[in-house]
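Fold and geometry: a report
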Amino acid sequence: MALADMRGLLRLTVDAVVGVTGIVESMQHTIASLAGPLGRAPAGRPGGIAGLVYGAVRGTTRRVGQGLDLMLRALPAPTTTTREREALLAALNGVWGDHLADSGNPLAIPMSLRIGGQPYRTALQAPSGRLLVLVHGLAMNDLQWTRHGHDHGQLLARALGFTPLYLHYNSGRHVAHNGRDFAAQLEALVAQWPVPVRELVIVGHSMGGLVARSACAMGAGQRWMEVLSKLVFLGTPHHGAPLERGGRLVDALLELSPYAAPLARLGRTRSAGITDLRSANVSDADAHPRHDRHAQRRDDRVATPLPRGVRSFVVAATRASGAGTLRDAVVGDGLVPLASALGDHRRPELLLRVPQRRRLIVTSANHWDLLSRDDVCAQLLAWMK
């Protein structure tokens, strides 16, 4: 991390200390109130000396943080970076990205299109009229499309003449908010590209596929949609991921007891991007506020079909040695069940209806193997011709 990054880490630490102080305060108030083992936590805060102490801790922490922030504000922003720094920033944004953005934290990642980790305008060489935009997943960054020395974008550039660009974004924000900004980025890209754009292809891995779907819904009628020919989804949780559902279940169990309920706040600090993965929310109507616990329990998504006139392809992975097993249905690639990655659903209006010839199931593979498996590479080449 650069020295200037300490300002963002300091602000995040201050927020954490204040938050944890509130949790401890609530637990002490519940104990002092002699509440029953089940039910709602008592309202209010501790009074007397305890209340003064907790107030002093919060106030002192904020004042110290503000003073240090003023001192660190004068430090220059980093002009160089490393893969390790980029990975840490991506992880922080994945877990707390909406909080970083809403609080103006300098660690929040602004959305941009890059090549090799640099703004595409400064790194662009020999542009072609065939554009390939790759969209990374949760808590990842654009440099992590390279895995085991392989990059799908570079493969398709060499073989088929695409110019690959990589979206870099704060994956902790709501998917719909990122989708709207992505649509705006693509509109500007097509308008400013140095040669006429003949074709645009988007490849999304994991959450990146949801962001791409959201952008298509937001970008109806825009110029870039006229040249968009293909959408490719690699391990995209079109109907949600079990891990986020499990996280919500843990929160609900903790909330059954007033003594454990304050700990549920820790779980609810996970980003809006993560909570969107519970049911794969891609539209504004789906983007429930993170504090709306009741709305997050329901799968009340608005049906968002794939864009007409655009050929869509899905790649799903399973850690099992063959498709059609119970492990397929429950575990899938370790993060995304097979049906979710394929876009299958029991509710007809939520079916993505991708034809069988545009599907690929990769066995004995995990979620990240989709970035480098030879059979995935071969299928991408065949689909992109």
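Scope of this entry: the structure provided in the associated data block.

Conventions used here
- Residues numbered from 1 in each chain as written.
- Predicted model: local features only at pLDDT ≥ 70, side-chain atom pairs only at ≥ 80, totals over all residues.
- Heavy atoms only, no water.
- Patch = residues over 30% accessible without salt bridge, like charges linked within 9 Å, V, L, I, M, F, W, Y side chains within 5 Å.
- Areas by Shrake-Rupley, 256 points an atom, 1.4 Å probe, with all protein chains shown as cover.
- Salt bridge = Lys/Arg side-chain N within 4 Å of Asp/Glu carboxyl O.
- Helix = DSSP H or I, 4+ residues; strand = E, 2+ residues; numbered from the N terminus.
- Core = buried A, V, L, I, M, F, W, Y, C linked by side-chain atoms within 4.5 Å.
- Buried < 20%, exposed > 50% of the residue type's maximum accessible area, 1.4 Å probe, protein only.
- Contact = heavy atoms within 4.5 Å.
- Axes fitted to C-alpha atoms, helices over the stretch in contact; angles between N-to-C directions.
- Parallel < 35°, antiparallel > 145°, perpendicular 65-115°, else oblique.
- Left-handed = near helix turned anticlockwise from the far one by under 90°.
- Pairing = 2+ DSSP bridges.
- Phe/Tyr/Trp six-rings, centres within 6.5 Å; stacked < 30°, edge-to-face > 60°.
- Lys NZ or Arg CZ within 6 Å of the ring centre and 35° of its normal.
- Expected span 1.5 Å × (residues − 1).

Here we take up a nonpolar patch on the surface. Together, Val17, Ile49, Val53 and Val57 make up a nonpolar patch on the protein surface, roughly 330 Å² of accessible area in all. Considering every element that reaches the nonpolar patch, the biggest residue donor is helix 2 (residues 48-72), with three residues. For valine 57, the position within the fold is in helix 2.

Before going further, it helps to spend a moment on the nonpolar core. Ranked by internal contacts, the top residues of the largest apolar core, which has 45 residues, are Phe182, Leu189, Ile202, Trp224 and Leu228. Leave out the neighbours within four places in its chain, and leucine 228 touches Leu200, Val201, Ile202, Cys216 and Val310. Leu132, Leu156, Tyr166 and Trp383 belong to the second-largest nonpolar core, a separate cluster that totals 24 residues.

Two elements in contact, helix 6 (residues 175-192) and helix 7 (residues 207-218), have axes separated by 7 Å at closest approach and are oriented at 60°. As judged from the angle between their axes, helix 6 and helix 7 are oblique. The handedness of the crossing between helix 6 and helix 7 is right-handed. Listed contacts from helix 7 to Val175, Ala176, Asn178, Gly179, Arg180, Phe182 and Ala183 of helix 6 are Met207, Leu210, Val211, Ala212, Ser214, Ala215 and Met218.

Of all seven residues in strand 6 (residues 228-234), seven are buried, a share of seventy percent or more. Of the strand pairs in this sheet, strand 5 (residues 199-205) and strand 6 are connected by six bridges, and their pairing is parallel. Bridge pairing in strand 6 links valine 201 to lysine 230. Judged from the five bridges that link them, strand 6 and strand 7 (residues 311-317) form a sheet pairing that is parallel. Within strand 7, the residue paired with leucine 234 across the bridge is valine 315.

Take the packing of aromatic side chains next. Evaluation of the coordinates by the stated rule reveals two aromatic pairs. The ring of phenylalanine 162 carries arginine 130 above its face, with NZ or CZ at 4.1 Å from the centroid. Between the NZ or CZ atom of arginine 358 and the centre of the ring of phenylalanine 313, over which it lies, the distance is 5.8 Å.

So, about helix 7. In an α-helix, one turn spans 3.6 residues, which is why side chains three or four residues apart end up on the same side. In a regular helix each residue adds 1.5 Å, so 12 residues correspond to 16 Å; helix 7 covers 17 Å between its end C-alpha atoms and thus fits that length. Most of helix 7 sits inside the fold, with 10 of its 12 residues counted as buried. Regarding helix 7, the residues found buried are Met207, Gly208, Gly209, Leu210, Val211, Ala212, Arg213, Ser214, Ala215 and Cys216. Contact partners of the buried residues in helix 7: strand 3 (130-135), helix 6, strand 5, helix 8 (223-227), strand 6 and helix 11 (272-276).

Before going further, it helps to spend a moment on the pattern of salt bridges. Under the counting rule described, the total for this entry stands at 11 salt bridges. Linking arginine 359 and aspartate 344 is a salt bridge whose minimum nitrogen-to-oxygen distance equals 2.8 Å. Of this pair, arginine 359 sits in strand 8 (residues 359-362) while aspartate 344 is found in the loop between helix 14 (338-342) and strand 8, placing the two residues 15 residues apart along the sequence. Here arginine 347 makes a salt bridge to glutamate 349, at a shortest N to O gap of 2.9 Å. When its relative accessible area of 45% is taken as the criterion, glutamate 349 is described as partly exposed.

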